[in-house]
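Reading the structure
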Amino acid sequence: KTHKRRKLNRTSSHRLAMLRNMVTSLIKFERIRTTTPKAKTLRPYAERLVTYAKKANQQHGMRLAARVVREQGALRKLFEVIGPRYTERNGGYTRILKLAKPRHGDAAPMSVIEFV
């Protein structure tokens, strides 16, 4: 089975950099406001990082997560705060809430993505 990812009108390097920045912001602030397609694309990345933070082998998970999250403070928060919070929960760590009003400039549908 192939997993189709959204391209979001960006080159692969730009898309990867944008998703890294967004997942870092999500970890730091635990809630970010973005367009709905970006939020839906971001969700699997964030969920995988939380799974790494929950695992028993912290060293290996930390290295895997460090490939995506480049800020040391956000990485530490992921493993010390967010990971232990979801030890009893099997997946579904994020929630996407669609906002009523679209973005003012281009009427893009907006959402809030947050940790449950």
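Three or four residues apart is the spacing at which side chains of an α-helix point the same way, because the helix has 3.6 residues per turn. The terminal C-alpha atoms of helix 1 (residues 12–29) lie 26 Å apart, and with 18 residues this matches the ideal 26 Å at 1.5 Å per residue to within 8%. Contacts made by the buried residues of helix 1 are with strand 1 (31–35), helix 2 (36–54), helix 4 (72–85), strand 2 (94–98) and strand 3 (110–115). A positive phi of about 65° marks Glu30, the residue just after helix 1.

Within the secondary structure, Thr34 is located in strand 1. Not counting chain neighbours up to four residues away, the residues in contact with Thr34 comprise Met22, Ala39, Met110, Ser111 and Ile113.

On to the pairing of strand 3. Across the 6 residues of strand 3, 6 count as buried, placing the element largely inside the fold. On strand 3, burial covers both faces: Met110, Val112 and Glu114 on one face and Ser111, Ile113 and Phe115 on the other are all buried. Of the pairings in the sheet, the one linking strand 1 to strand 3 comprises 5 bridges and is antiparallel in character. What sits directly across from Arg31, in strand 3, is Glu114. Here strand 2 runs beside strand 3; their pairing, made up of 5 bridges, is antiparallel. Residue pairing for strand 3: Ile96 is matched across the bridge by Ile113.

Definitions and limits used
The residue numbering used here restarts from 1 in each chain and proceeds along that chain's sequence as written. Per-residue local features are limited, in this predicted model, to residues with pLDDT of at least 70; the limit for side-chain atom pairs, both in listing and counting, is 80 or more; totals at the level of whole chains, interfaces and linings are taken over all residues. Hydrogens are left out, water is left out, and the side-chain values use all remaining heavy atoms of the structure. By definition, any uninterrupted DSSP run of H or I lasting at least four residues is a helix, any uninterrupted run of E lasting at least two residues is a strand, and each is numbered from the N terminus. One less than the number of residues in a helix, times 1.5 Å, gives the span that helix is expected to have. We call two residues in contact whenever any of their non-hydrogen atoms come within 4.5 Å of each other. The buried label applies to any residue whose accessible area, calculated with a 1.4 Å probe on protein chains only, is under 20% of its type's maximum; exposed applies above 50%, and partly exposed to all values in between. Only strands that DSSP links by at least two bridges are regarded as paired with each other.

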